[in-house]
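Each chain, letter by letter, is given below.
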Amino acid sequence: MDRIKIAFFDAKDYDMQSFKDANQNEEFEVQYFETKLSAHTYKLAEGSDAVCVFVNDDIDSYVIDRLYEMGIKLIALRCAGYNNVDVEYAFGKIHVVRVPAYSPYAVAEHAMALLLTSIRRIHKAYIRTKDFNFSLNGLTGFDLHGKTVGVIGTGKIGRIFIDICRGFGMNVIAYDKFPARDSGIEYVSLDEIWERSDVISLHCPLTDESKHMINTESIEKMKKGVVIINTSRGALINTEALVQGIKDRKVGAACLDVYEEESDVFFHDYSNHIVNDDLLARLISMPNVIVTSHQAFLTNEALSNIADTTYSNIREFFHKDSSVNEVCYKCPNVATCDQKHDKKCF
Ligand code: NAI
């Protein structure tokens, strides 16, 4: 077989660098495109064997059909989440592989970085001291020690976040649709998470079931002053309900690395533009909201692991029968799928 041709969408400087480093022997022929893969851009993939995509590329049934017609065999996600691909529709047409873990530490550590920044007002203090304002008024925080954190999703990232929280002397309770028995984690119902937690951190995938799990009703059940952290997927939170919860002084702070409508905004520089998204503008204007633009994964270690695993997924798919990181189209939960993936799913 000739060199495998890859159309690489939504390419940024940092991932081009890591993918070039991991392809120094030029085993793969990679064409980098700044644009995202969508119904408007799929034609760029013409002549390729595989497309390589990230979290905000939009691979719906229409795009899958077009890629299939063009003879594309593989959608290689260079991320863990796959909610942006219609995997059920892809079954039988195009295989989908992902990078299930690149650095769960990167994401869990970022969640804690956001939490500490928020509750100790580091974001405020940083700006003040830059301006030689050394006043402490309004910077009072609270101890994490002894507080209760509710962790939703106890997979790779959630468990590392739990360990970090325990290091701070926090009481950890958790909810997972598929609890890890014998893990020493105290599992409770979702209602108990809402009612008992001082801090809630989301580490589950976005599915039909988990969409908007934080909404008006769940916020009503929460403690006054609760801090909500979302480093998972934006649509786990109903943003309007969150904004209202903050305005009602019910939610004490929100730490958001992801946002429901992020695909139109995140990863781009809009510093010289008027942003049209009023909800995002409202969130950003609030002193107790910290927004980072889906950056939790962004460490050197993670970028290097993403490039290595993506190439290995592609190599394995085209040269072997197995596909260890193939997204399972049938299991409700890829994390607990017990298929050996010693052969391709179809
Ligand atoms: P994982 O697959 O190891 O763990 C996910 C856990 O969520 C599993 O234990 C699963 O049983 C549980 N779960 C599934 N459905 C659930 C539901 N409806 N309610 C509660 N729990 C449920 O995934 P991992 O690696 O820990 O990643 C978690 C999420 O983090 C990913 O789905 C992805 O959306 C997000 N992520 C964000 C990144 C960022 O840069 N902000 C980077 C990487 C992942």
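Structural data are supplied above this passage.
The sections below set out a description of the structure shown in this document. (Residues numbered from 1 in each chain as written. Predicted model: local features only at pLDDT ≥ 70, side-chain atom pairs only at ≥ 80, totals over all residues. Heavy atoms only, no water.)

Turning our attention to the pattern of salt bridges. Under the defined criterion, the tally for this structure stands at eleven salt bridges. Taking the shortest distance from any N to any O, the salt bridge between Arg3 and Glu29 comes out at 3.7 Å. In this pair, Arg3 is assigned in the segment before strand 1 (4–8) and Glu29 in strand 2 (residues 28–32), connecting sequence segments 26 residues apart. Judged by its relative accessible area of 34%, Glu29 falls in the partly exposed class. For Lys93, the salt bridge identified is with Asp65, shortest N-O distance 3.4 Å. Highlighted residues: Lys93 in the loop between helix 3 (87–90) and strand 5 (95–97) and Asp65 in helix 2 (residues 61–69), separated in sequence by 28 residues. (Salt bridge = Lys/Arg side-chain N within 4 Å of Asp/Glu carboxyl O. Helix = DSSP H or I, 4+ residues; strand = E, 2+ residues; numbered from the N terminus. Buried < 20%, exposed > 50% of the residue type's maximum accessible area, 1.4 Å probe, protein only.)

Moving on: the site of the ligand. The environment of the ligand is formed by 26 residues, the closest being Lys156, Ile157, Asp176, Thr231 and Asp257. A distance of 3.3 Å separates an oxygen atom of the ligand from a polar side-chain atom of Arg233. Between the ligand and Asp257, the relevant distance is 3.0 Å, taken from a nitrogen atom to a side-chain nitrogen or oxygen of the residue. Contact with the protein chains covers 93% of the free accessible surface of the ligand, which is 870 Å². (Near = heavy atom within 4 Å. Polar contact = N/O pair within 3.5 Å; in protein donor to acceptor, adjacent residues only side chain to side chain. Areas by Shrake-Rupley, 256 points an atom, 1.4 Å probe, with all protein chains shown as cover.)

The next subject is the sheet that holds strand 1. The strand order across the open sheet built from five strands is 2-1-3-4-5, with neighbouring strands paired in parallel fashion. Unpaired on one side and paired on the other, strand 2 and strand 5 mark the two borders of the sheet. For this sheet, the mean angle separating the axes of adjacent strands, direction not counted, is 25 degrees. Sheet analysis places strand 1 next to strand 3 (residues 50–53), joined by three bridges and oriented parallel. Within strand 3, the residue paired with Phe8 across the bridge is Cys52. Taken strand by strand, helix 11 (residues 300–319) contacts strand 1, strand 2, strand 3, strand 4 (74–77) and strand 5, and its axis lies near 160 degrees from that of strand 4. (Pairing = 2+ DSSP bridges. Axes fitted to C-alpha atoms, helices over the stretch in contact; angles between N-to-C directions. Contact = heavy atoms within 4.5 Å.)

Moving on, we come to the packing of helix 1 (residues 13–21) against helix 11. The interhelical angle for the contact between helix 1 and helix 11, taken along N-to-C directions, is 55 degrees, at an axis separation of 9 Å. Considering their axes alone, helix 1 and helix 11 lie oblique with respect to each other. Remark: the crossing between helix 1 and helix 11 carries right-handed chirality. Mapping the contact onto sequence places Tyr14, Ser18 and Phe19 in helix 1 and Leu303, Ile306, Ala307, Thr310 and Tyr311 in helix 11. Within the contact of helix 1 with helix 11, the residues separate by chemical class into six nonpolar, two polar and no charged. (Parallel < 35°, antiparallel > 145°, perpendicular 65-115°, else oblique. Left-handed = near helix turned anticlockwise from the far one by under 90°. Nonpolar A, V, L, I, M, F, W, Y, C, P; charged D, E, K, R; others polar.)

The subject of this paragraph is helix 2. Within helix 2, burial applies to Val63, Ile64, Asp65, Arg66 and Leu67. On the buried face of helix 2, the contacting elements are strand 3, strand 4 and helix 3. One or two positions beyond helix 2, positive phi appears at Gly71, with a value near 85 degrees.

This part covers the pairing of strand 2. Relative to strand 2, strand 1 is paired through five bridges, and the arrangement is parallel. Note on strand 2: the bridge partner recorded for Ile4 is Phe28. Handedness of the strand 1-helix 1-strand 2 crossover: right-handed. (Right-handed = clockwise from strand over helix to strand, strands pointing away.)

Moving on, we get to a positive patch on the surface. A cluster of basic residues, Lys224, Lys247, Arg249 and Arg282, forms a positive patch at the surface. As for its placement among the helices and strands, Lys247 is situated in helix 9 (residues 239–247). Look at Lys247 and you get partly exposed, because its relative accessible area is 37%. (Patch = residues over 30% accessible without salt bridge, like charges linked within 9 Å, V, L, I, M, F, W, Y side chains within 5 Å. Lys, Arg positive; Asp, Glu negative; His and termini not counted. Charge placed at Lys NZ, Arg CZ, Asp CG, Glu CD.)

Time to look at the nonpolar core. Taken as a class, soluble globular proteins show a tendency for nonpolar side chains to be buried jointly. Core analysis: the largest hydrophobic core is formed by 83 residues, its most contacted members being Val51, Leu67, Ile75 and Ile214. Element by element, the count of residues in this core is highest for helix 11, at eight residues. Setting aside residues up to four positions removed in sequence, Val51 forms contacts with Ala7, Phe9, Leu37, Ala45, Leu67, Ile72, Leu74, Ile75 and Ala76. By size, the runner-up hydrophobic cluster in this structure holds 23 residues, among which are Ala108, Leu115, Leu144 and Ile290. (Core = buried A, V, L, I, M, F, W, Y, C linked by side-chain atoms within 4.5 Å.)

Here we come to the environment of Ser263. With respect to the element layout, Ser263 can be found in the loop between strand 10 (251–256) and helix 10 (278–285). The partly exposed category is assigned to Ser263, whose relative accessible area is 28%. Placed 205 residues apart in sequence, Ser263 and Asp58 show a C-alpha to C-alpha distance of 9.1 Å.

Strand order across the open sheet formed by six strands is 7-6-8-9-10-11, with parallel pairing between neighbours. The strands lining the two open edges of the sheet, one partner per strand, are strand 7 (171–175) and strand 11 (289–291). Here the average twist between neighbouring strands, direction ignored, is 15 degrees. Two elements, strand 8 (residues 199–202) and strand 9 (residues 226–230), share four bridges in a ladder whose sense is parallel.

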